[in-house]
Amino acid sequence: LILESAFPSIAVVAKDYVWGLPGHWLLVARFNLAERLPLIAMPVLIIHGDRDHVIPFHFGEQVFAAALPPKQFYRVNGADHNNLYSIGGKAYFRRLRQFVQQATR
């Protein structure tokens, strides 16, 4: 499983966007990845840009914490939400290839 710019849940992101106010109560969708991820028994790679202004970096770290081993976290230095592969360049694609090779052995 490869996750890019992932977030723990819609509620967590909503609280962050409205400074902790209870705006998340108005949401219908849950998308609770942090709750479901511990139920997944497969290798996981979480990729996140450290300058992501849409889904802040610490949310990627929270997703990583929720995953079961084997798991890997790949920080793309200088990357925002939509430019992980262009900022990461060849190193990004090497990391993807490495993960897939390890996961399919």
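A few points on the structure.

Cut-off values and rules
- Residues numbered from 1 in each chain as written.
- Predicted model: local features only at pLDDT ≥ 70, side-chain atom pairs only at ≥ 80, totals over all residues.
- Heavy atoms only, no water.
- Core = buried A, V, L, I, M, F, W, Y, C linked by side-chain atoms within 4.5 Å.
- Buried < 20%, exposed > 50% of the residue type's maximum accessible area, 1.4 Å probe, protein only.
- Helix = DSSP H or I, 4+ residues; strand = E, 2+ residues; numbered from the N terminus.
- Contact = heavy atoms within 4.5 Å.
- Pairing = 2+ DSSP bridges.
- Axes fitted to C-alpha atoms, helices over the stretch in contact; angles between N-to-C directions.
- Right-handed = clockwise from strand over helix to strand, strands pointing away.
- Expected span 1.5 Å × (residues − 1).
- Bend = angle between axes of the 7 residues up to and from the residue.

**A look at the nonpolar core**
Nonpolar side chains in soluble globular proteins tend to be buried together.
And step 1. Core analysis: the biggest nonpolar cluster contains nine residues, these being L45, I47, Y74, V76, A79, L84, Y92, L96 and F99.
And step 2. Of all the secondary structure elements, the ones that give two or more residues to this core are β2 (44–49), β3 (71–76) and α4 (84–103).
And step 3. Among the elements that take part in this core, α4 stands out by supplying four residues, more than any other.
And step 4. Excluding residues within four positions of it along the chain, V76 makes contact with I47, H48, G49, D50, L84, I87, G88 and Y92.
And step 5. Core analysis: the next-biggest nonpolar cluster, separate from the first, contains seven residues, L3, L37, I46 and V63 among them.

**Structural notes on the environment of L37**
And step 1. Of note, L37 is situated in the loop between α2 (33–36) and β2.
And step 2. Between the C-alpha atoms of L37 and A67, which are 30 residues apart in sequence, the distance is 5.4 Å.

**Digging into the sheet that holds β3**
And step 1. Strand order across the open sheet formed by three strands is β1-β2-β3, with parallel pairing between neighbours. Each having just a single partner strand, β1 (2–4) and β3 make up the two edges of the open sheet. Looking at each pair of strands side by side, their axes are set apart by 15 degrees on average, direction ignored.
And step 2. Of the strand pairs in this sheet, β2 and β3 are connected by six bridges, and their pairing is parallel. In the sheet register, H48 faces β3, and the bridge partner there is R75.

**A look at unusual backbone geometry**
And step 1. Of note, the bond from P69 into P70 is cis; its omega dihedral lies within 30 degrees of zero at 0 degrees.
And step 2. The phi dihedral of S5 is positive, around 50 degrees, even though this residue is not glycine.
And step 3. Within the secondary structure, S5 is located in the loop between β1 and α1 (10–17).

**Topic: the pairing of β2**
Side chains on a regular strand alternate between the two faces of the sheet.
And step 1. The element β2 is extensively covered by neighbouring structure, given that six of its six residues are classed as buried.
And step 2. Residues V44, I46 and H48 of β2 are buried on one face, and the alternating residues L45, I47 and G49, pointing to the opposite face, are buried as well.
And step 3. As a crossover connection, the stretch from β2 through helix α3 (residues 57–66) into β3 is right-handed.

**Considering α4**
And step 1. Between its first and last C-alpha atoms α4 spans 21 Å; for 20 residues at 1.5 Å apiece the expected length is 28 Å, and the helix comes up short by more than 12%.
And step 2. Most pronounced at K90, the bend in α4 amounts to some 90 degrees.
And step 3. Every buried residue belonging to α4 is among L84, G88, Y92, L96 and F99, and all of these are buried.
And step 4. Buried positions along α4 lie against β1, β2 and β3.

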